[in-house]
Amino acid sequence: MFDGSPVTMIILIATGFVSWQAFNNSSLYEKMMYNPYRVKHEKQYYRLLSHTLVHADFFHLLLNMFVFYSFGSIMETYFTVRYGAGGGSLLFILLYVLGGLTATLPALRKHADNYGYNAVGASGAVSAMMMAYMILFPLSEIGFFFIPMKAFIGVAVFFAFEHFMNRSGKTNIAHDAHIWGALFGIMFIFFLQPQSLVAFFSSIRSYLF
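Bear in mind that the values here come from a model prediction, so they are computed numbers and not experimental data. (Residues numbered from 1 in each chain as written. Predicted model: local features only at pLDDT ≥ 70, side-chain atom pairs only at ≥ 80, totals over all residues. Heavy atoms only, no water.)

Novice: Looking at this structure, I do not really get the packing of helix 5 (residues 58–102) against helix 7 (residues 123–136). What am I missing?
Specialist: Packed helices, taken two at a time, are described by the angle their axes make and the gap between the axes. At their nearest, the axes of helix 5 and helix 7 sit 7 Å apart, and the two run at 60° to each other. In terms of axis orientation, helix 5 runs oblique to helix 7. Relative to helix 7, helix 5 is oriented so that their crossing is left-handed. Tallied by class, residues from the contact of helix 5 with helix 7 come to 17 nonpolar, seven polar and no charged. (Axes fitted to C-alpha atoms, helices over the stretch in contact; angles between N-to-C directions. Helix = DSSP H or I, 4+ residues; strand = E, 2+ residues; numbered from the N terminus. Parallel < 35°, antiparallel > 145°, perpendicular 65-115°, else oblique. Left-handed = near helix turned anticlockwise from the far one by under 90°. Nonpolar A, V, L, I, M, F, W, Y, C, P; charged D, E, K, R; others polar.)

Novice: Explanation requested: the side chain of Gln44 in the structure shown.
Specialist: With respect to the secondary-structure elements, Gln44 resides in the loop between helix 3 (36–41) and helix 4 (47–50). Taking relative accessible area as the criterion, Gln44 reaches 19% and is therefore assigned buried. There is a polar contact of 2.5 Å between the side chain of Gln44 and the side chain of Arg47. Filtering out sequence-adjacent residues up to four positions away, Gln44 remains in contact with Arg38 and Val39. (Buried < 20%, exposed > 50% of the residue type's maximum accessible area, 1.4 Å probe, protein only. Polar contact = N/O pair within 3.5 Å; in protein donor to acceptor, adjacent residues only side chain to side chain. Contact = heavy atoms within 4.5 Å.)

Novice: I'm lost on the pattern of salt bridges in this one. Help?
Specialist: Pairing is possible between side chains of opposite charge, provided their charged atoms come close. Here the structure, examined in full by the defined rule, presents five salt bridges. Across the pair Arg47 and Glu30 runs a salt bridge, and its minimum N-O distance is 3.6 Å. Of this pair, Arg47 sits in helix 4 while Glu30 sits in helix 2 (residues 26–32); the two residues are 17 residues apart in sequence, bridging distant segments of the chain. Under the relative-accessibility criterion, Glu30 is labelled partly exposed at 30%. The partner of Asp176 in a salt bridge is Lys110, and the shortest N-O contact between them spans 2.8 Å. One end of the pair, Asp176, is in helix 9 (residues 175–192); the other, Lys110, is in helix 6 (residues 105–111), with 66 residues separating them in the sequence. Assessed through its relative accessible area of 12%, Asp176 is described here as buried. Among the residues examined, Lys110 registers a relative accessible area of 46% and is labelled partly exposed. (Salt bridge = Lys/Arg side-chain N within 4 Å of Asp/Glu carboxyl O.)

Function cannot be read off these values alone, since they describe shape.
Written out as structure tokens, the structure is:
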């Protein structure tokens, strides 16, 4: 597994290690969390990415890294086969990092003057990775909320669920970050392979009809 997805494993191990350290070090946790106020007013731009390395608790970390590995290991192998080792690794890193950055934009717009707003976790980057996979492999079987379904159905379920939860405002989870990360994943694949969306809908049509 390591030979086929080395960057995936490096990100997974690094995130697990830093999160574990932050669980026992409140100062480290505070320095790495995403705080839009400090990004804007104190120019602490590193927080736009550092927050992906820390998590609220062990379950949060485990869930994100399980989803990331499930889709990331396949995506890294796909990029490597299609674009070569160097190009594939670069594209994989760009998808993850830029997905994480894009996911911070809603909070930066809404909470840039709110000192008390904080967020942690790699969910935005993971959403980008997951959505990229589902666009490329729409007929693959996935387990979404522990329910088996085709990936293209998972796309609809994901956006419907995240939109509903974001509108309800009844959780402390940044569902808008998930949405923006996922949208970036779609855009990334579209610009990389413009034919991918046509193939996505063609696969669905062939499957249904």
